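Spelled out, the chains give:
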Amino acid sequence: MSGDNELFLSYDDFPWFKNALVKHIFNVTEPTANHFYWPDLDVDLTLDIIKHPQRFPLICTDS
């Protein structure tokens, strides 16, 4: 949720969330305006990336 808006993140665009536990998905912070961080998943996304994933190349690395 961002302000009064609910945001949708598809698994195709954001595969990091596909196998994540719900408690890890809901553990999100907004360290600065329009920047979201999921510490349990080590995922950082800006509002622009969430709204327009097609503008950004998908980079997903497995450690």
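Up top is the structure.
Keep in mind that this is a model prediction, so the values were computed, not measured.

1. As for the pattern of salt bridges
- Counted by the stated rule, this structure contains one salt bridge.
- Note that R55 is salt-bridged to D48, the shortest N-O span being 3.6 Å.
- Residue class for D48 comes out partly exposed when judged on its relative accessible area of 36%.

2. Let's talk about the sheet that holds strand β2 (residues 35-38)
- The strand order across the open sheet formed by three strands is β1-β2-β3, and the pairing between neighbours is antiparallel. The strands lining the two open edges of the sheet, one partner per strand, are β1 (29-32) and β3 (43-46). Direction aside, the axes of adjacent strands within the sheet are offset by 30° on average.
- Summarising the sheet, β1 and β2 pair through two bridges and their orientation is antiparallel. Within β2, the position partnered with T29 by the bridge is Y37.

3. A look at the environment of S10
- Relative to the assigned elements, S10 resides in the segment before α1 (22-26).
- Accessibility expressed as a relative area gives 17% for S10, which makes it buried.
- On a C-alpha basis, the gap between S10 and I50 in space is 9.4 Å, while along the polypeptide they are 40 residues apart.
- Polar contacts involving the side chain of S10 include one to the side chain of D13, which spans 3.1 Å.

4. Quick word on the environment of H24
- As for its placement among the helices and strands, H24 is situated in helix α1.
- Take H24: its relative accessible area is 22%, and that puts it in the partly exposed class.
- Taking C-alpha positions, H24 is 6.9 Å from L41, a pair spaced 17 residues apart along the chain.

5. As for the packing of aromatic side chains
- Following the criterion strictly, the structure yields two aromatic pairs and no others.
- Note on F14 and W16: the rings are 6.4 Å apart at their centroids and 45° apart in plane angle, and the pair reads as tilted.
- Given the relative accessible area of 3%, F14 is considered buried.
- Given a relative accessible area of 26%, W16 falls into the partly exposed group.

The rules behind the values
- Residues numbered from 1 in each chain as written.
- Predicted model: local features only at pLDDT ≥ 70, side-chain atom pairs only at ≥ 80, totals over all residues.
- Heavy atoms only, no water.
- Salt bridge = Lys/Arg side-chain N within 4 Å of Asp/Glu carboxyl O.
- Buried < 20%, exposed > 50% of the residue type's maximum accessible area, 1.4 Å probe, protein only.
- Pairing = 2+ DSSP bridges.
- Helix = DSSP H or I, 4+ residues; strand = E, 2+ residues; numbered from the N terminus.
- Axes fitted to C-alpha atoms, helices over the stretch in contact; angles between N-to-C directions.
- Polar contact = N/O pair within 3.5 Å; in protein donor to acceptor, adjacent residues only side chain to side chain.
- Phe/Tyr/Trp six-rings, centres within 6.5 Å; stacked < 30°, edge-to-face > 60°.

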